[in-house]
Amino acid sequence: MVFRIERARVAQVRALCAIEREAVALFRQHPVWPSYAAMSIPEQLLREGIEAGLVWVAVDEATARPLGFVWLERLNDDQVGICDFNVLPEQGRQGIGAALLKHACDWARAAGYRAVLLGTVADVPWNAPFYAKHGFVQVDKQDPEFAFALQRDRDNGFPDPLRVFMRRDLSAVAADEWSVWPAPAKLNLFLRIVGRRPDGYHELQTVFRILDWGDEISLRVRADGEIVRASELAEVPAEQDLVVRAARLLKNHTGCALGADIAVEKRVPMGGGLGGGSSDAATVLVALNELWQTGVDEDALAELGRQLGADVPVFTRGRSAWAEGIGEILRPVSLPRRWYVVIDPQEKVPTAGLFSAPELTRDAPATTISNFTAGLARDNTFEPVVRARHPRVAAALDWLGNHATAQLSGTGGCLFAEFDSIEQARRIARRCPEEFSACVAEGMQDSPLALAVERHRRGNRQDLS
Ligand SMILES: C[C@@](CO)(OP(=O)(O)O)[C@H](O)COP(=O)(O)OP(=O)(O)OC[C@H]1O[C@@H](n2ccc(N)nc2=O)[C@H](O)[C@@H]1O
Ligand SMILES: Nc1ncnc2c1ncn2[C@@H]1O[C@H](COP(=O)(O)OP(=O)(O)O)[C@@H](O)[C@H]1O
């Protein structure tokens, strides 16, 4: 069997759940069976894992049929856990499990995590002994970090003596190895155009909320000084790609002699008003500044970002913020913990075209942070223009508007609604009509990029000490 490992897709959720049922059936004669038989993977959770890029699948090279998968979860800023891991029993003994496990651990290390943890069954060869063969060591299960998992076992009737927890430590990545960095999406929680500058650019007021969901950038330092894009992006030649332009800009600004290979895993719809391209650029600026050790400070990185696009500085600074000017005058705002259903109506909405629309309101009344915080400013100046010009976006706004307060992000076409709990958001996302796509994301105070920078720095410091 020739197989390859790739990131799982949402369309594979059912197939992965079926693999889990088959793999679990191996425990039919085992004391854990009653608790395993009663449980199955909640499809929505697996779907969210896939959207977060935390699930990898082994597929048959010839037929693309899924043969096994591994699913990681973030436990805290420095550790990931293996949430689930299964290979079809008929495909055992071909190295599929070992390859999946290696892939997941390699990714965690490249993302700066310091350890992978898991809970498994002590006495079957394909569980604890398999992990031991791949570098995992048993840890004290009375450690408070496992209290939650042990309680869950008790609730599910899992026999306690058969449970073991294991851990594999990871070393920090060197600059000439691939490292991975998040490029989170943003929402505009409101957006008003309050004026126009002599150069034609529009003055706006907005609140950028950074999400825990977005693209992923892989970087590897090159000694030859070249900037090389190692992934394809539909309709965007390498020279115009914001990630290449960001790397060149930082290189020219600092005179750094090093180069970089850059690969982008795109998840954020392009031109959707979620700032995906801007965030990719910001991540390249911030992460290369770490890897090249060029020491550019936060203000100077934001200024470089501004040269690439109005939305870039909020991502380099890495905090949800109130914004004015063309989006570059930023003030951090403290926002309550909220979850969002983000809908992609799958319609391209051109930003420049909307800014030049004659019917656009360009003199909306300016508001204040306290009005926004009091819930008095939730409008988006572009919404009526986008509604009139883009019927699919209007239909998506109407659908979401039947369940919650629907808002356009940026110039659209993506839209969202805000919820007090993740469960409420999931309930609505599940009902999304097939012609659109929906995902659930949490609003962040600090950007996942800022957290990743801290994680990589901690890792390097610990390895040095
Ligand atoms: C309006 C926002 C809100 O987040 O929309 P989205 O792009 O996210 O939908 C952004 O500020 C957009 O930022 P960004 O997408 O980086 O815009 P840029 O590349 O700088 O500009 C694209 C074009 O939009 C127009 N433009 C953009 C920003 C602005 N404040 N006034 C403008 O008139 C200009 O014609 C410019 O050539
Ligand atoms: N790395 C990139 N990712 C996305 N878009 C890019 C990138 N580089 C250049 N672009 C161009 O920037 C445009 C706007 O991208 P994006 O930031 O995704 O949307 P928006 O500004 O609506 O939030 C895209 O349509 C594309 O032509």
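On a predicted model such as this, the values are computed, not experimentally measured, just so you know. (Residues numbered from 1 in each chain as written. Chains lettered and ligands numbered in written order. Predicted model: local features only at pLDDT ≥ 70, side-chain atom pairs only at ≥ 80, totals over all residues.)

Peer 1: So what exactly am I meant to see when it comes to the overall build of the chain here?
Peer 2: A tally of helices and strands in the chain yields 16 helices and 17 strands. Here the C-alpha radius of gyration of the chain, 23 Å, is about what a compact globule of 465 residues would show, namely 23 Å. Projecting the C-alpha coordinates of the chain onto the three principal axes gives extents of approximately 75 × 55 × 45 Å. For the chain, the residues scored as buried account for 41% of the 465 residues in total. The contacts in the chain between residues at least 6 apart in sequence include a share of 73% that link residues at least 24 apart. (Helix = DSSP H or I, 4+ residues; strand = E, 2+ residues; numbered from the N terminus. Rg over C-alpha atoms; globule rule 2.2 N^0.38 Å. Buried ≥ 20, exposed ≤ 12 C-beta atoms within 10 Å, placed from the backbone. Contact = placed C-beta atoms within 7 Å.)

Peer 1: What is the right way to look at the site of ligand 1 in this model?
Peer 2: His-202, Gly-273, Gly-309, Gly-410 and Thr-411 are the nearest of the 19 residues found near ligand 1. Of all elements in the fold, only β8 (179–196), β9 (202–222) and α11 (351–355) reach the threshold of two or more residues within the shell around ligand 1. Tallied by class, residues from the shell around ligand 1 come to 7 nonpolar, 11 polar and 1 charged. (Near = placed C-beta within 6 Å. Nonpolar A, V, L, I, M, F, W, Y, C, P; charged D, E, K, R; others polar.)

Peer 1: Looking at this structure, how should I read the UniProt feature "binding site: ATP" (unreviewed entry) in the chain?
Peer 2: When the UniProt feature table is mapped onto this chain, "binding site: ATP" (unreviewed entry) is found at Pro-269, Met-270, Gly-271, Gly-272, Gly-273, Leu-274, Gly-275, Gly-276, Gly-277, Ser-278 and Ser-279. Relative to the elements of secondary structure, Gly-272 occurs in the loop between β11 (259–265) and α8 (276–291). When neighbours within four sequence positions are excluded, Gly-272 is seen to be in contact with Asp-344, Gly-413 and Cys-414. Residue classification places Leu-274 among the buried positions, given that 31 C-beta atoms sit within 10 Å. Contact partners of Leu-274, with chain neighbours within four places excluded, come to Ala-185, Lys-186, Val-268, Pro-269, Ser-409 and Cys-414. (UniProt positions renumbered as here; feature names shortened; annotations may be inferred.)

Peer 1: I'm lost on the site of ligand 2 in this one. Help?
Peer 2: Ligand 2 sits among 19 residues. The nearest are Leu-242, Gly-271, Gly-276, Gly-277 and Asp-280. Secondary-structure elements contributing two or more residues to the shell around ligand 2 are α7 (242–254) and α8. Ranked by the residues each element gives to the shell around ligand 2, the list is headed by α8, at 4 residues. Broken down by class, the residue content of the shell around ligand 2 amounts to 7 nonpolar, 10 polar and 2 charged.

Peer 1: So what exactly am I meant to see when it comes to unusual backbone geometry here?
Peer 2: Only a minority of non-glycine residues have a phi that is not negative, and only a minority of peptide bonds are not trans. The omega torsion across Gly-412 and Gly-413 is -5°, close enough to zero to call that bond cis. Counting through the fold element by element, Gly-413 comes out in the loop between β15 (407–408) and β16 (415–419).

Peer 1: What am I meant to see in the UniProt feature "active site" (unreviewed entry) in the chain here?
Peer 2: According to UniProt, the "active site" (unreviewed entry) feature falls on Lys-186 and Asp-311. What stands out for the annotated residues spanning 126 residues is how close their C-alpha atoms remain, the widest pair being 9.4 Å apart. Within the secondary structure, Lys-186 sits in strand β8. Residues contacting Lys-186, with those up to four places away along its chain left out, are Phe-208, Arg-209, Ile-210, Leu-211, Leu-274, Gly-275 and Val-314. Looking at the element boundaries, Asp-311 is found in the loop between α9 (298–308) and α10 (312–317). Overall, the presence of 28 C-beta atoms within 10 Å leaves Asp-311 in the buried class. Excluding residues within four positions of it along the chain, Asp-311 makes contact with Gly-275, Ser-278 and Gly-327.

Peer 1: Quick question: what am I supposed to make of the domain arrangement of the chain here?
Peer 2: Accessible area lost when the parts come together is the quantity often used to give the size of an interface. You can read the domains of the chain as domain 1 (3–169) and domain 2 (179–448). Computed over C-alpha atoms, the centres of domain 1 and domain 2 are 33 Å apart. Contact with domain 1, which involves 8 residues of that partner, is made by 10 residues of domain 2. No other element matches the 3 residues that helix α3 (residues 43–51) contributes to the side of domain 1 that touches domain 2. Of the residues assigned to the side of domain 1 that touches domain 2, the class counts are 4 nonpolar, 2 polar and 2 charged. (Domains from an automatic or database assignment.)

Peer 1: Explanation requested: the packing of α7 against α8 in the structure shown.
Peer 2: Geometry of a packed helix pair, given as the angle between the helix axes and the separation of the axes. For the pair α7 and α8, the least separation of the axes is 8 Å and the interaxial angle reads 35°. In this structure, the crossing between α7 and α8 has a hand that is right-handed. Packed against α7, whose contacting residues are Leu-242, Val-243, Arg-245, Ala-246, Ala-247 and Leu-250, the element α8 presents Gly-277, Asp-280, Ala-281, Val-284, Leu-285, Leu-288 and Asn-289 at the interface. (Axes fitted to C-alpha atoms, helices over the stretch in contact; angles between N-to-C directions. Left-handed = near helix turned anticlockwise from the far one by under 90°.)

Peer 1: Just to check I follow, could you spell out the pairing of strand β14 (residues 339–344) for this structure?
Peer 2: A regular strand places its side chains on the two faces of the sheet in alternate fashion. Burial runs high along β14: 6 of the 6 residues are buried. Along β14, one buried face is formed by Trp-339, Val-341 and Ile-343 and the opposite face, lined by Tyr-340, Val-342 and Asp-344, is buried too. With 5 bridges joining them, β14 and β16 adopt antiparallel strand pairing. In the sheet register, Tyr-340 faces β16, and the bridge partner there is Glu-418. Where β14 meets strand β17 (residues 437–444), 6 bridges bridge the pair, whose relative direction is antiparallel. When the sheet's bridge partners are listed, Trp-339 is paired in β17 with Glu-442. (Pairing = 2+ DSSP bridges.)

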